[in-house]
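Summary of structural features
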Amino acid sequence: MKILIVDDFSTMRRIIKNLLRDLGFTNTQEADDGSSALPLLKSSDFDFLVTDWNMPGMTGIELLKAVRADEKLQSLPVLMVTAEAKREQIIEAAQAGVNGYVVKPFTAQALKEKIEKIFERVDG
Amino acid sequence: MSTSDNSRADNPMMAQARELLTQLESGNSVDAMQTISSLHFQRDQFLYQEVGKLTRSLHTAIRNFDIDTADDNAAAKDMSKMSDASDRLNYVIEKTENAANKTMDLVEDTIPISSDLGDQARSLKSEWTKLMNKQMKPDEFRALTKQMDSFLDLAAGETSKIDQNLSNILLAQDFQDLTGQVIKRVITLVKDVESNLVELVRMAGTVDHIAGIQHEEEEATIANPEEDAVGAEGPIINAEERDDVVTSQDDVDDLLSSLGF
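Rules of the game
- Residues numbered from 1 in each chain as written.
- Chains lettered and ligands numbered in written order.
- Predicted model: local features only at pLDDT ≥ 70, side-chain atom pairs only at ≥ 80, totals over all residues.
- Heavy atoms only, no water.
- Pairing = 2+ DSSP bridges.
- Helix = DSSP H or I, 4+ residues; strand = E, 2+ residues; numbered from the N terminus.
- Right-handed = clockwise from strand over helix to strand, strands pointing away.
- Axes fitted to C-alpha atoms, helices over the stretch in contact; angles between N-to-C directions.
- Contact = heavy atoms within 4.5 Å.
- Buried area = accessible area lost by both parts, 1.4 Å probe.
- Salt bridge = Lys/Arg side-chain N within 4 Å of Asp/Glu carboxyl O.
- Polar contact = N/O pair within 3.5 Å; in protein donor to acceptor, adjacent residues only side chain to side chain.
- Buried < 20%, exposed > 50% of the residue type's maximum accessible area, 1.4 Å probe, protein only.
- Arc of directions from axis to C-beta.

1. Description of the pairing of strand E2 (residues 27-31) of chain A
Residues and elements named next belong to chain A.
- As paired strands, strand E1 (residues 2-6) and E2 are joined by 5 bridges and run parallel to one another. Paired with Val6 across the two strands is Ala31, which belongs to E2.
- In this fold, the crossover linking E1 to E2 by way of helix H1 (residues 10-22) has right-handed handedness.

2. A short note on the sheet that holds E2(A)
Residues and elements named next belong to chain A.
- Spatial strand order, E2-E1-E3-E4-E5: 5 strands in an open sheet with parallel pairing. At either end of the open sheet lies a strand with only one pairing partner, and these are E2 and strand E5 (100-103). For this sheet, the mean inter-axis angle between neighbouring strands, taken without regard to orientation, is 20 degrees.
- Packed on one face of the sheet, helix H3 (residues 60-69) meets E1, strand E3 (48-51) and strand E4 (78-82) and runs near 175 degrees to E4.

3. Quick look at unusual backbone geometry
- Cis geometry marks the peptide bond from A:Lys104 to A:Pro105; its omega dihedral reads -5 degrees.
- Phi at B:Lys134 takes a positive value of approximately 55 degrees, unusual for a residue other than glycine.
- Looking at the secondary structure, you find B:Lys134 in the loop between helix H4 (85-132) and helix H5 (138-171).

4. Details of the interface of chain A and chain B
- Listed as interface residues are 27 residues of chain A and, on the opposing side, 27 residues of chain B.
- Across the interface of chain A and chain B, roughly 2,400 Å² is buried in total on both sides, 59% from carbon and sulfur atoms.
- When the area that chain A buries against chain B is broken down by residue, the three leading residues are A:Arg14, A:Lys86 and A:Arg87, summing to 28%.
- A salt bridge links B:Glu233 to A:Lys86; the shortest N-O distance between them is 3.0 Å.
- Along the contact surface separating chain A from chain B lie 14 residue pairs in polar contact (both at pLDDT 80 or more).

5. Focus: helix H7 (residues 249-258) of chain B
All names here are of chain B.
- Every buried residue belonging to H7 is among Gln249, Val252, Leu255 and Leu256, and all of these are buried. In a view along the axis of H7, the buried residues occupy a sector of 125 degrees, so they form one face of it. Turned more than 90 degrees off the buried face of H7, the exposed positions are Asp250 and Ser258.
- One or two steps after H7, the chain reaches Gly260, where phi turns positive at roughly 95 degrees.

Here it is in structure tokens:
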């Protein structure tokens, strides 16, 4: 299971990376915004994308839309982990095809539940 | 004529206005023109003084923002090098990032130590249970005593390492004091700038009044950039007062399930 973590803050990437490792996911890579993430996603075989929303350059929602519009990437599971908490944003992410939405600050438990739920649905 | 008291500047101007009327009535147009230009000059002086006062108070507000460097500790010297609010806020980002990384380093260093202690304790426990149940052979017992001996040494050493890491994690939180001070100063600056801007608006009103300028109402046409598209807003700091935001992960889950997720 290869996972890409996209967040503009290195500390947040590190926190997510550690939590994922605790869940048994050790193969992770990092990118600091959508525009650096997209080429990585296209050139490599990632199984899962965890992304922030608010980033300089290309935002998480733009990345999500670009992923869904890409033939190769369109079914890639995407979890959004973000401080963005407006209802219209959550609806927009859902409509754009997000697989899970975790609001910051979050607990390890919340992240674990969402990831498990995503893979249950993807595998089932 | 007193030029220092602008609030009373209309008094000499009124005297000159009467003079102007007299000059015009007596047909003395040369003197009348001079009086008019003198009135003009006074009006300009008054405006310059008002603008000057405002500029001075803005300068003072910005100068006041400098941190007092009397304290000669290293952190205060560090801060005194910074001259503007964005530097100060970058300092906050840097300090908090360093503290977060330092804390995570120590946590990552500690987790394997405590996992290892736990593993060894569990292994000893299963051997110990055998002993308690009198199911242990003499050579197994000798192995257990050795294992117990090395575990006790390890536990003593490693727990002091854990203690040390924990107290370093505690110390890594010292940024809060420094960032708190810096942020408070930035808040003060923002408030000063705001009150100076309010004063500027008030003065602009006075200037308009004196100069007799009237504005078309334009406020309604100014677009609110926050309202176009679904823009990113960052952390919501007053979620309880708003009904367009969620306040917890449960709210997110409810909203998504109402959308068929």
